[in-house]
Amino acid sequence: MSVDVLLGLQWGDEGKGKIVDVLAPEYDVVARFQGGPNAGHTLEFEGIKHVLHTIPSGIFRADSINVVGNGVVIDPVTLRKEIEALLGMNVPVSKRLFISRKANLILPTHRLLDAASEALKGVDKIGSTLRGIGPTYMDKTGRNGLRVGDIESDAFTSRYEKLKLKHLELLRSMNYGTEALEALEKDFFTAIDYLRQLNLVDSEHLMNKFIQSKRSVLAEGAQGSLLDIDFGSYPFVTSSNTITAGACTGLGVAPRHINKVYGIFKAYCTRVGSGPFPTELNDATGEAIRKSGNEFGATTGRPRRCGWLDLPALRYAIMINGVTDLTMTKPDVLSDFDDIYVCTHYEINGERIDYMPYDIVHTPVTPVYKKLPGWKCDLTGIEREDQFPLPLAGYIAWLEEQLQVPVSIVSVGPNRKQTIIRKK
Ligand code: IMP
């Protein structure tokens, strides 16, 4: 059996959590492969709205196995809170959740270093979620990090102290106060004890056993392709590989096992934090999208920047990920608009291009738009594809022609039920 991957094609917040939750019954295993508590995957069903940060979005489905892979960075404090909230909802987490020993740990000092680094950058700050993600991945690649498996060793505390000393020196050189550390450490060590009780596994072996025994696996991406450390709008990116290839390194799964790649995109675009956003609307239209789409961060509550759909960026993400199936989310948010605009090209130095150039940070691009008719009706009650208003059906058909990949799922609202699986 093979592994299907589901990931975001924009700057995150495409609605991945909901789609994983919808697809989860088709899979035996749902696995997270990168990122950490910077993610916020929102699921809505049976009158419940729930946000997951580290735990895969299959956790609510009976019989689903959920794996947090080696590519994820784990904050034990956040993870514990997340598990306790689920236990409060009678979700049998311990039966369904497995955590990789090779996942790196976010330490309290990583969070301080994240804040110190952003403060030093001033106006050039990334707009990080300040969850310690960047400094933890830096320690991983710098070969200094502590991993989940280390908490099973008697030497854990001394290793922790050694790394902490290094961090304290750094924080001193950055002139950043550490008053908060004592309280953070208390919570951290309590959470480490909690983490020890969970199912800690060699997840690369587990994943490959699942594949050999023909269990179906869905790898769930976090953030979005345009935030990828290699291919995103660098340096305004996150610190992991958010793309399909990240599922291989973040789970220990060979590329030949990857089958379908579900690419999720919104019918428009959003971005949280700083960085280039060619189709951003700093006007009443952008504000209207934010309001109608409730575009506020699930993790930080920050207002999201809003703009029209960007095809050069979307084509780029489809190419890098090898997307086989597209899912469009939130067309219902655009229901009030007479016209819908889509960026088909960029203009750069007087030239018209249809691809993502090397640098959109220092060489801004001007979007060229195509105007399409709006659907001007409520989509949230739609149950079948043949109920799509003509302009929406036309919008989807035009996108499929432009992108050369089928839009196989359309989400018309936050609830599980508001999902249309299109006929092939
Ligand atoms: P970090 O990953 O917290 O360091 O944040 C780096 C950049 O990625 C910032 O612009 C964040 O706003 C953005 N980011 C990180 N995680 C997410 C996410 O899950 N959704 C959307 N943006 C995110």
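Residues numbered from 1 in each chain as written. Predicted model: local features only at pLDDT ≥ 70, side-chain atom pairs only at ≥ 80, totals over all residues. Heavy atoms only, no water.

### Re the site of the ligand
Item 1. Asp-13, Asn-38, Thr-129, Thr-238 and Arg-302 are the nearest of the 15 residues found near the ligand.
Item 2. The backbone of Val-272 places a nitrogen or oxygen atom 3.1 Å from an oxygen atom of the ligand.
Item 3. One nitrogen or oxygen atom from the side chain of Arg-302 is found 3.0 Å from an oxygen atom belonging to the ligand.
Item 4. Within the shell around the ligand, the residues separate by chemical class into 6 nonpolar, 7 polar and 2 charged. (Near = heavy atom within 4 Å. Polar contact = N/O pair within 3.5 Å; in protein donor to acceptor, adjacent residues only side chain to side chain. Nonpolar A, V, L, I, M, F, W, Y, C, P; charged D, E, K, R; others polar.)

### As for helix 1 (residues 16-23)
Item 1. Helix 1 sits mainly inside the fold: 8 of its 8 residues count as buried.
Item 2. Those residues of helix 1 not exposed but buried are Lys-16, Gly-17, Lys-18, Ile-19, Val-20, Asp-21, Val-22 and Leu-23. (Buried < 20%, exposed > 50% of the residue type's maximum accessible area, 1.4 Å probe, protein only. Helix = DSSP H or I, 4+ residues; strand = E, 2+ residues; numbered from the N terminus.)

### Topic: unusual backbone geometry
Item 1. Residue Pro-235 follows Tyr-234 across a cis peptide bond; omega there is 5°.
Item 2. We note that Lys-376 has phi near 50°; this positive angle belongs to a residue other than glycine.
Item 3. With respect to the helices, strands and loops of the structure, Lys-376 is situated in the loop between strand 18 (366-373) and helix 12 (390-403).

### A few points about the pattern of salt bridges
Item 1. Throughout the structure, instances matching the rule amount to 23 salt bridges.
Item 2. As a salt-bridge pair, Lys-102 and Glu-204 come within 2.5 Å of each other at their nearest N and O atoms. Taken together, the residues span a long stretch of sequence, with Lys-102 in the loop between strand 7 (97-100) and strand 8 (104-105) and Glu-204 in helix 8 (residues 203-212) at a distance of 102 residues. (Salt bridge = Lys/Arg side-chain N within 4 Å of Asp/Glu carboxyl O.)

### Examining the nonpolar core
Item 1. Core analysis: the largest hydrophobic core is formed by 58 residues, its most contacted members being Leu-9, Leu-326, Met-328, Leu-334, Tyr-395 and Leu-399.
Item 2. With 6 residues, the top contributor of residues to this core is helix 12.
Item 3. For Leu-9, the residues in contact, after removing those within four places along its chain, are Glu-14, Ser-225, Leu-226, Gly-263, Ile-264, Phe-265, Leu-314, Ala-317, Ile-318, Asn-321, Val-323 and Leu-326.
Item 4. Within the second largest apolar cluster, 32 residues are counted, among which are Val-68, Val-77, Leu-86 and Leu-195. (Core = buried A, V, L, I, M, F, W, Y, C linked by side-chain atoms within 4.5 Å. Contact = heavy atoms within 4.5 Å.)

### As for the pairing of strand 3 (residues 41-45)
Item 1. Side chains His-41, Leu-43 and Phe-45 of strand 3 all project onto a buried face; the interleaved residues Thr-42 and Glu-44 project onto a face where none is buried.
Item 2. As paired elements, strand 3 and strand 4 (residues 48-52) share 5 bridges and run antiparallel to each other. Paired with Leu-43 across the bridge in strand 4 is His-50.
Item 3. Here strand 3 hands over to strand 4 after 2 residues, with Glu-46 in that stretch at a positive phi of 40°. (Pairing = 2+ DSSP bridges.)

### A word on the packing of helix 11 (residues 311-321) against helix 12
Item 1. Contact pair helix 11 / helix 12: the axes reach a minimum separation of 11 Å and the direction vectors enclose 60°. In terms of orientation, helix 11 lies oblique with respect to helix 12. For the pair helix 11 and helix 12, the sense of crossing is right-handed. Residues Leu-311, Leu-314, Arg-315 and Ile-318 of helix 11 lie in contact with helix 12, whose contacting residues are Trp-398, Leu-399, Gln-402 and Leu-403.
Item 2. The residue inventory of the contact of helix 11 with helix 12, partitioned by class, reads 6 nonpolar, 1 polar and 1 charged. (Axes fitted to C-alpha atoms, helices over the stretch in contact; angles between N-to-C directions. Parallel < 35°, antiparallel > 145°, perpendicular 65-115°, else oblique. Left-handed = near helix turned anticlockwise from the far one by under 90°.)

### Some remarks on the packing of aromatic side chains
Item 1. Applying the stated rule across the entire model yields 11 aromatic pairs.
Item 2. Taking 6.5 Å as the distance between ring centres and 40° as the angle between the ring planes, the aromatic pair formed by Phe-156 and Tyr-160 counts as tilted. Of this pair, Phe-156 and Tyr-160 both sit in helix 6 (residues 156-173), separated by 4 residues, roughly a single helical turn.
Item 3. On the basis of relative accessibility, which here comes to 1%, the residue Phe-156 falls in the buried class.
Item 4. Summarising the aromatic geometry, the rings of Phe-156 and Phe-189 are spaced 6.4 Å apart at their centres and angled 65° between planes, so their arrangement reads as edge-to-face. (Phe/Tyr/Trp six-rings, centres within 6.5 Å; stacked < 30°, edge-to-face > 60°.)

### A closer look at the environment of Gly-142
Item 1. Here Gly-142 shows up in the loop between helix 5 (133-141) and helix 6.
Item 2. By relative accessible area, which is 35% here, Gly-142 ends up partly exposed.
Item 3. Between the alpha carbons of Gly-142 and Glu-14 there is a distance of 31 Å; along the sequence they are 128 residues apart.

### A look at the pairing of strand 5 (residues 65-68)
The side chains of a regular strand alternate, first on one face of the sheet and then on the other.
Item 1. By the alternation rule, side chains of strand 5 split into Ile-65 and Val-67 and Asn-66 and Val-68, which are all buried.
Item 2. As paired elements, strand 2 (residues 29-32) and strand 5 share 4 bridges and run parallel to each other. Following the sheet pairing, Val-29 is matched in strand 5 by Ile-65.

### Section: the sheet that holds strand 15 (residues 325-329)
Item 1. As summarised here, the arrangement of the 10 strands in space is 9-7-5-2-10-1-11-15-19-20, forming an open sheet in which the pairing is mixed. Sheet topology places strand 9 (200-201) and strand 20 (419-421) at the edges, where each strand pairs with a single neighbour.
Item 2. Relative to strand 9, strand 7 is paired through 2 bridges, and the arrangement is parallel. Bridge pairing in strand 9 links Ile-99 to Leu-200.
Item 3. Strands strand 11 (258-266), strand 15 and strand 19 (407-411) of the sheet are contacted by helix 12, whose axis makes an angle of about 140° with strand 15.

### Side note on helix 10 (residues 284-292)
Item 1. Listed as buried for helix 10 are Gly-286, Ile-289 and Arg-290. Here the buried residues of helix 10 occupy an arc of 100° about the axis, which is enough to place them on one side. The exposed set on the far side of helix 10, more than 90 degrees from its buried face, consists of Ala-284 and Lys-291.
Item 2. Sitting at the amino-terminal end of helix 10 is Asp-283, which places a side-chain oxygen 3.1 Å from the backbone nitrogen of Thr-285. (Arc of directions from axis to C-beta.)

### Examining the packing of helix 4 (residues 108-121) against helix 7 (residues 181-196)
Item 1. Running from amino to carboxyl end, helix 4 crosses helix 7 at an angle of 140°, the nearest separation of the two axes being 9 Å. Accordingly, the angle class assigned to the pair helix 4 and helix 7 is oblique. From helix 4, Pro-108, Thr-109 and Leu-112 reach across to helix 7, where they touch Leu-181, Leu-184, Glu-185 and Phe-188.
Item 2. Residue composition of the contact of helix 4 with helix 7, by class: 5 nonpolar, 1 polar and 1 charged.

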